[in-house]
Amino acid sequence: TQLLEQSPQFLSIQEGENLTVYCNSSSVFSSLQWYRQEPGEGPVLLVTVVTGGEVKKLKRLTFQFGDARKDSSLHITAAQPGDTGLYLCAGVLARLTFGEGTQLTVNP
Amino acid sequence: EAGVVQSPRYKIIEKKQPVAFWCNPISGHNTLYWYLQNLGQGPELLIRYENEEAVDDSQLPKDRFSAERLKGVDSTLKIQPAELGDSAVYLCASSATSGANVLTFGAGSRLTVL
């Protein structure tokens, strides 16, 4: 059983569309992180959310931490081909635990 | 500033052969991690070092996997003997302290076992 469930697993959209990726768990996390990983590279940290209900924005990306600190979402506005990659959420408990990822493809 | 450096980037071996991966973390980072990542999945922690001490190795399959971090800087992850199921990307990451949980990953070493 995966501690962190991400959905959808795969997402293919056209440039300019909006999308939301979800990260859910039954566990309460002290903080939650989002990473993006491109082919042949390691994951790169995008954001860390700490407080329940917290919203952080990074250009066209909006990250939200659930009030109960069990879930999070990533919303991308007007997606671009450069947003293509594997998006990973990771929750902090005794150790940093990753979800299985959402593979996003943005077609020009 | 150089990032986390890993080598080799790619390795192809036959089953039952040994293989070793090397990692050079960011200068000054005391915490070093080895993760395993299967295709299309998230990374899974194998071992975490605080300086030269392995403080979390509960996920490391110790019958065939070993790791060391001599002098608290570079680290080596070894598999002997390799099995078909070991084919994956082995990622190294480092952070200034484990409490911060701000990890910088290397590009990974892709292992193919034939």
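Going by the structure above, here's the rest.
Below is a summary of the structure that appears in this document. Predicted, not measured: the structure shown is a model, and the values here were computed from it.

## Thoughts on unusual backbone geometry
Then, number 1: Put simply, B:Ser7 and B:Pro8 share a cis peptide bond, and its omega is -10 degrees.
Then, number 2: At A:Arg69, a residue that is not glycine, the phi angle is positive and equals roughly 60 degrees.
Then, number 3: Structurally, A:Arg69 can be placed in the loop between β7 (61-65) and β8 (71-76).
Then, number 4: Non-glycine residue B:Lys16 carries a positive phi angle of around 80 degrees.
Then, number 5: By the secondary structure assignment, B:Lys16 is in the loop between β2 (10-13) and β3 (19-24).

## Considering the interface of chain B and chain A
Then, number 1: On the chain A side, the residues contacting the 18 residues of chain B number 16 residues.
Then, number 2: Roughly 1300 Å² of surface becomes buried between chain B and chain A when both sides are summed, with 50% attributable to carbon and sulfur atoms.
Then, number 3: Taken together, the links from chain B to chain A amount to 1 salt bridge.
Then, number 4: Among the ionic pairs, A:Arg95 bridges to B:Asp56, the shortest N-O distance being 2.9 Å.
Then, number 5: Across the chain B-chain A interface, the total number found is 5 residue pairs in polar contact (both at pLDDT 80 or more).
Then, number 6: For the side of chain B that touches chain A, a count of residues per class yields 8 nonpolar, 8 polar and 2 charged.

## Description of the sheet that holds strand β6 (residues 55-58) of chain A
Residue and element names in this part refer to chain A.
Then, number 1: Overall, antiparallel pairing links the 5 strands, which are arranged β1-β3-β8-β7-β6 in an open sheet. Where the open sheet ends on each side, the last strands, each with one partner, are β1 (5-7) and β6. Between one strand axis and the next, the sheet turns by 15 degrees as a mean value, whatever way the strands run.
Then, number 2: Relative to β7, β6 runs antiparallel, the two being bridged by 4 bridges. Bridge pairing in β7 places Leu58 opposite Leu61.

## Notes on the sheet that holds strand β8 (residues 75-79) of chain B
All names here are of chain B.
Then, number 1: Sheet architecture is open: 4 strands sit in the order β1-β3-β8-β7, paired in antiparallel fashion. In this open sheet, the two strands that pair with only one neighbour each are β1 (5-7) and β7 (65-68). Neighbour to neighbour, the strand axes of the sheet diverge by 15 degrees on average, direction disregarded.
Then, number 2: Here β3 runs beside β8; their pairing, made up of 5 bridges, is antiparallel. Within the sheet, the bridge partner assigned to Val19 lies in β8 and is Ile79.

## Examining the side chain of A:Ser73
Residue and element names in this part refer to chain A.
Then, number 1: Along the chain, the position of Ser73 falls in strand β8.
Then, number 2: With relative accessibility at 16%, the residue Ser73 sits in the buried group.
Then, number 3: Look past the residues within four positions of Ser73 in its chain and what remains in contact with it is Thr20, Val21, Tyr22, Trp34, Thr62, Phe63 and Gln64.

## So, the side chain of B:Ser109
All names here are of chain B.
Then, number 1: Mapped onto the fold, Ser109 is located in strand β11 (residues 109-113).
Then, number 2: A distance of 2.6 Å separates a polar atom in the side chain of Ser109 from the backbone oxygen of Pro8.
Then, number 3: Excluding residues within four positions of it along the chain, Ser109 makes contact with Gln6, Ser7, Pro8, Arg9, Phe21, Ala88, Val89 and Tyr90.

About the cut-offs
Residues numbered from 1 in each chain as written. Chains lettered and ligands numbered in written order. Predicted model: local features only at pLDDT ≥ 70, side-chain atom pairs only at ≥ 80, totals over all residues. Heavy atoms only, no water. Helix = DSSP H or I, 4+ residues; strand = E, 2+ residues; numbered from the N terminus. Contact = heavy atoms within 4.5 Å. Buried area = accessible area lost by both parts, 1.4 Å probe. Salt bridge = Lys/Arg side-chain N within 4 Å of Asp/Glu carboxyl O. Polar contact = N/O pair within 3.5 Å; in protein donor to acceptor, adjacent residues only side chain to side chain. Nonpolar A, V, L, I, M, F, W, Y, C, P; charged D, E, K, R; others polar. Pairing = 2+ DSSP bridges. Axes fitted to C-alpha atoms, helices over the stretch in contact; angles between N-to-C directions. Buried < 20%, exposed > 50% of the residue type's maximum accessible area, 1.4 Å probe, protein only.

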